[in-house]
Amino acid sequence: MIDRIDRKILQILQEDCTVPVAEIGRRVGLSTTPCWRRIQKLEEDGVIVGRVAVLDPRQVNAKVTAFVAITTNTHSDEWLKRFAEVVAQMPEVVEFYRMAGQVDYLLRVVVPDIEAYDAFYKRLIAKIDIADVSTSFAMEQIKYTTALPLQYVVVEKPVPEKSAG
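Residues numbered from 1 in each chain as written. Predicted model: local features only at pLDDT ≥ 70, side-chain atom pairs only at ≥ 80, totals over all residues. Heavy atoms only, no water.

With an unreviewed UniProt entry as reference, the protein is termed Lrp/AsnC family transcriptional regulator, source organism Siculibacillus lacustris.

Below you can see the structure in the form of structure tokens.
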């Protein structure tokens, strides 16, 4: 279970995972070693699944974001497995979801320009049978974060200490 201190640690790490453990400990009221142990436990428990550098898409020439809605006439496990393999080999796809509703799958694709998107599209449809592809291009990114909301975490209540007596 995650307690309030773990939740504070997670918030700090989501904002900046380069904050030294001693500083995290200071902010949450722990010394370095207990804080480090908590972070290790959060990693072992799979709460923290990685630490990455978030890049500026403009600086790495990936400034165009496309949301690609895909519909298929085939809904077999074999088709999905093949589709997932195809998508996994396309680095332009940064997010991939199976959806409920009118669209079967949604991809978030980042490319330098429309010509690069067209090349991506042609590679995609050459590798797998798709009934319909509808793409929307983002005009402006208004909000972007990798931080998950932590207010929904079920927090373990502290166990009252027994009095000696």
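Here the narrative resumes.
Comments concerning unusual backbone geometry
Outside of glycine, negative phi angles account for most residues, and trans bonds account for most peptide bonds. As a reminder, the rule being used: Secondary structure is summarised from DSSP: a helix means a run of H or I of at least four residues, a strand means a run of E of at least two, and numbering begins at the N terminus for each.
One non-glycine residue, asparagine 61, lies in the positive phi region at around 55 degrees. With respect to the secondary-structure elements, asparagine 61 resides in the loop between α3 (32–44) and β1 (64–71).

Concerning the environment of valine 64
Short version of the rule: Contacts: residue pairs with any heavy atoms within 4.5 Å of one another.
With respect to the helices and strands, valine 64 occurs in strand β1. A sequence separation of 72 residues divides valine 64 from serine 136, and the C-alpha atoms of the two residues are 11 Å apart. With near-sequence residues (within four places) excluded, valine 64 lies in contact with Val109, Val110, Val111, Pro112, Asp113, Ile114 and Phe137.

Notes on the pattern of salt bridges
Short version of the rule: A pair is scored as a salt bridge if a Lys or Arg side-chain nitrogen falls within 4 Å of a carboxyl oxygen belonging to Asp or Glu.
This model, assessed by the stated rule, comprises 10 salt bridges. The salt bridge involving aspartate 3 is made with arginine 38; its shortest N-O contact spans 2.8 Å. Of this pair, aspartate 3 sits in the segment before α1 (4–15) while arginine 38 sits in helix α3, and the two are 35 residues apart along the sequence. Between glutamate 23 and arginine 26 there is a salt bridge, with the nearest N and O atoms lying 2.6 Å from each other.

Describing the packing of helix α2 (residues 21–28) against α3
A packed helix pair is summarised by two numbers, namely the angle formed by the two axes and the spacing between the axes. What counts, and what does not: All axes are obtained by fitting lines to C-alpha atoms, using only the stretch in contact for helices, and the reported angles, taken between N-to-C directions, cover 0 to 180 degrees. Put simply, angles under 35 degrees are roughly parallel, angles over 145 are roughly antiparallel, angles from 65 to 115 are roughly perpendicular, and the rest are oblique. In the scheme used here, Gly and all other residues not listed as nonpolar or charged are polar, with Ala, Val, Leu, Ile, Met, Phe, Trp, Tyr, Cys and Pro taken as nonpolar and Asp, Glu, Lys and Arg as charged.
With their axes 8 Å apart at the nearest point, α2 and α3 run at an angle of 100 degrees to one another. For the element pair α2 / α3, the angle class is roughly perpendicular. Contact with α2, carried on its side by Val21, Ala22, Ile24 and Gly25, involves Thr32, Cys35, Trp36 and Ile39 of α3 and no other residues of that element. Residue classes in the contact of α2 with α3 are distributed as six nonpolar, two polar and no charged.

With respect to the UniProt feature "domain: HTH asnC-type" (unreviewed entry) in the protein
The condition that has to hold: UniProt positions are given in the numbering used here, feature names are shortened, and annotations may be inferred rather than shown by experiment.
Sites flagged by UniProt as "domain: HTH asnC-type" (unreviewed entry) map to residues 2–63. Between the end C-alpha atoms of residues 2–63 the distance is 37 Å, and the span holds 53% helix and 0% strand.

Considering α3
Heads up, the condition is: One fewer than the residue count of a helix, multiplied by 1.5 Å, yields its expected span. Think of it in three bands: residues with accessible area under 20% of the maximum for their type are buried, residues over 50% are exposed, and the middle band is partly exposed, with areas taken using a 1.4 Å probe on protein chains only. Think of the arc as the fan of directions from the helix axis to the C-beta atoms.
Here α3 contains 13 residues, and its C-alpha end-to-end distance of 18 Å stays within 8% of the 18 Å for a straight helix at 1.5 Å per residue. Residues of α3 that are buried: Cys35, Ile39 and Leu42. Taken around the axis of α3, the buried residues stretch over an arc of 60 degrees, which confines them to a single face. Residues of α3 that are exposed and point more than 90 degrees away from the buried face comprise Arg37 and Glu44.

Things to note about the side chain of arginine 108
Inspection of the secondary structure assignment puts arginine 108 in strand β3 (residues 105–111). Those residues within four positions of arginine 108 in sequence are excluded, and the remaining contacts are Thr65, Ala66, Phe67, Glu92, Val93, Val94, Glu95 and Tyr144.

Thoughts on the sheet that holds β1
Counted only if it meets this: Strand pairing is assigned whenever DSSP detects at least two bridges linking the two strands.
Sheet architecture is open: four strands sit in the order β2-β3-β1-β4, paired in antiparallel fashion. One side of each edge strand has no neighbouring strand; the edge strands of this open sheet are β2 (93–98) and β4 (132–137). Mean inter-strand twist for the sheet, computed between neighbouring axes without regard to direction, equals 20 degrees. In this structure, β2 lies alongside β3, joined through five bridges in antiparallel fashion. Within β3, the residue paired with tyrosine 97 across the bridge is leucine 106. Against the sheet, helix α4 (residues 77–88) makes contact with β1, β2 and β3, and its axis sits at roughly 165 degrees relative to β2, the strand it touches most.

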